[in-house]
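# Chain and residue survey
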Amino acid sequence: QLTVGAGRAGAPEPGREAPVSASDNSWVASPVVTCRALLADEVRLLVERFGEAAARVAEAGFDAIDVHARVGHLVDQFLSPVWNRRTDAYGGSLENRARFAVELIQAAKHAAPGLPVSVRLSLTHHTPGGRDLAESIEIARILVAAGADVVVADGGASEALHWAVPPMYLGPAPTLADAAALRAATGATVVATGAIGVEAAEKALADGQVDFVGMTRALIADPDLPRKLAGEVPGGVRPCARCNICLGHVLGGMHVACAVNPQAGFETLRPIGRAPDRHIFMPLY
């Protein structure tokens, strides 16, 4: 997955007090600080650099390139009128707001011919003024027409981050319905993500609601999940608790960790083997 940055959701520019954004938006980390709107030439330079990065990805032997256009980060800031108030070729109409994402997709396709290019898109922001599903469907049509082979669907924004990494209280598969609606409306190849359990994933695939289901936290909780489902490894799948300890550790600059998998981040240091002795502990009442 390649990104041009987080914009208003990220760090300040070097030597400046605020980040860049599509327009003069407030900074997520300090709303009293105003971001600097990127110049059109700077946007075009980002597209050029993105293509160069895509070429390096292809040379390194990766199988695909994913364009990060989600969760209110920089590309998403261009896509959405709540953050994009530009009057140049990158603002105004839906087609203009999607131009940055379109050019990134095209740059990746040109620099890495033969590699499939996906785009990860938040379908519903769940924040005041944010994008709704209907507009995301129209954006997806534009991005697929520009060459995107796959749309990876999720939700949320910087102000609604819990929808991007759904905790337990959002219920099972909270963004699956949006992904299914996107596929039904566009016919695009769609990957659903967002706390989708094994049973829900199997049903969604069997019913033709989506083409793929992506899992990250579930694989941190149980890296053997695919092999267990394939019958290559015995035992049941250890379920993800959706507590987001993994995310908290990474955002804090630490190694990945997991509440239900003590080996996460310590795979070579904490091997699991047969205990040398057996002990029986009797509960005390």
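Figured I'd write up the structure that's included with this text. (Residues numbered from 1 in each chain as written. Predicted model: local features only at pLDDT ≥ 70, side-chain atom pairs only at ≥ 80, totals over all residues. Heavy atoms only, no water.)

## So, the overall build of the chain
- A count of helices and strands for the chain gives ten helices and nine strands.
- Relative to the compact-globule value of 19 Å for 285 residues, the chain shows a C-alpha radius of gyration of 21 Å, a close match.
- Dimensions of the chain along its principal axes, counting C-alpha atoms only, are 75 × 45 × 40 Å.
- Residues counted as buried form 44% of the 285 residues belonging to the chain.
- Counting only contacts in the chain whose residues sit at least 6 apart along the sequence, the fraction spanning at least 24 positions is 58%.
- Accessible surface computed for the chain: about 14,800 Å², of which carbon and sulfur atoms make up 58%.
- Charge centroids of the chain, computed over 25 positive and 30 negative side chains, lie 4 Å from each other. (Helix = DSSP H or I, 4+ residues; strand = E, 2+ residues; numbered from the N terminus. Rg over C-alpha atoms; globule rule 2.2 N^0.38 Å. Buried < 20%, exposed > 50% of the residue type's maximum accessible area, 1.4 Å probe, protein only. Contact = heavy atoms within 4.5 Å. Areas by Shrake-Rupley, 256 points an atom, 1.4 Å probe, with all protein chains shown as cover. Lys, Arg positive; Asp, Glu negative; His and termini not counted. Charge placed at Lys NZ, Arg CZ, Asp CG, Glu CD.)

## A closer look at the pairing of strand S6 (residues 117–122)
- In terms of residue burial, S6 counts as a mostly covered element, since six of its six residues are buried.
- Both faces of S6 are covered, namely the face carrying Val-117, Val-119 and Leu-121 and the face carrying Ser-118, Arg-120 and Ser-122.
- Inspection of the sheet shows strand S5 (residues 65–69) paired to S6 by five bridges, in the parallel sense. Each bridged residue has a counterpart across the sheet, and for Ile-65 the counterpart in S6 is Val-117.
- With five bridges connecting them, S6 and strand S7 (residues 150–154) associate as parallel partners. (Pairing = 2+ DSSP bridges.)

## Observations concerning the packing of helix H1 (residues 40–60) against helix H4 (residues 99–111)
- Viewed as axis vectors pointing N to C, H1 and H4 meet at an angle of 30°, and their least axial separation amounts to 8 Å. Seen along the crossing, H1 lies across H4 with a hand that is right-handed. Contact residues: H1 offers Val-43, Leu-46, Val-47, Phe-50, Gly-51, Ala-54 and Ala-55, while H4 offers Phe-100, Glu-103, Leu-104, Ala-107, Ala-108 and Ala-111.
- Of the residues belonging to the contact of H1 with H4, the class tally is eleven nonpolar, one polar and one charged. (Axes fitted to C-alpha atoms, helices over the stretch in contact; angles between N-to-C directions. Left-handed = near helix turned anticlockwise from the far one by under 90°. Nonpolar A, V, L, I, M, F, W, Y, C, P; charged D, E, K, R; others polar.)

## Brief notes about helix H5 (residues 133–145)
- For H5, with 13 residues, the first-to-last C-alpha span of 18 Å sits near the 18 Å given by 1.5 Å per residue.
- Those residues of H5 not exposed but buried are Glu-135, Ser-136, Ile-137, Ile-139, Ala-140 and Leu-143.
- Lining the buried residues of H5 we find helix H2 (74–79), helix H3 (94–97), H4, S6 and helix H6 (176–186).
- Where H5 ends, the next residue or the one after it, Gly-147, has phi of about 125°, a positive value. (Expected span 1.5 Å × (residues − 1).)

## Description of the packing of aromatic side chains
- Applying the stated criterion to the full structure yields two aromatic pairs.
- Taken together, a centroid distance of 6.4 Å and an interplanar angle of 85° make the contact between Phe-78 and Tyr-90 edge-to-face. With Phe-78 in helix H2 and Tyr-90 in the loop between H2 and H3, this residue pair connects regions lying twelve residues apart in the sequence.
- With a relative accessible area of 0%, Phe-78 lands in the buried category.
- Taking the centre distance of 4.8 Å and the plane angle of 65° together, the rings of Phe-78 and Phe-100 count as edge-to-face. Of this pair, Phe-78 sits in helix H2 while Phe-100 sits in helix H4, placing them 22 residues apart in sequence. Both residues of the pair, Phe-78 and Phe-100, count as buried.
- One aromatic cluster is present, built from ring pairs that chain together Phe-78, Tyr-90 and Phe-100.
- Against the face of Phe-266 rests Arg-270, its NZ or CZ located 3.8 Å from the ring centre. (Phe/Tyr/Trp six-rings, centres within 6.5 Å; stacked < 30°, edge-to-face > 60°. Lys NZ or Arg CZ within 6 Å of the ring centre and 35° of its normal.)

## Remarks on the environment of Gly-130
- Topologically, Gly-130 is positioned in the loop between S6 and H5.
- For Gly-130, a relative accessible area of 26% puts it in the partly exposed group.
- In this structure, the C-alpha to C-alpha distance between Gly-130 and Trp-83, residues 47 residues apart in sequence, is 8.7 Å.
- The contacts of Gly-130, once residues within four sequence positions are left out, are Val-82 and His-125.

## What about unusual backbone geometry?
- Although it is not a glycine, Val-71 adopts a positive phi angle of roughly 45°.
- With respect to the helices, strands and loops of the structure, Val-71 is situated in the loop between S5 and H2.
- Backbone geometry places Ala-173, a non-glycine residue, at a positive phi of 45°.
- Looking at the element boundaries, Ala-173 is found in the loop between S7 and H6.

## Considering the pairing of S7
- Of all five residues in S7, five are buried, a share of seventy percent or more.
- Side chains Val-150, Val-152 and Asp-154 project from S7 onto one buried face, and the interleaved Val-151 and Ala-153 project onto a second face that is buried too.
- Note on the crossover from S6 through H5 to S7: the handedness is right-handed.
- Of the pairings in the sheet, the one linking S7 to strand S8 (residues 190–192) comprises three bridges and is parallel in character. In the sheet register, Val-151 faces S8, and the bridge partner there is Val-190.
- Once you follow S7 into H6 and on to S8, the crossover reads as right-handed. (Right-handed = clockwise from strand over helix to strand, strands pointing away.)

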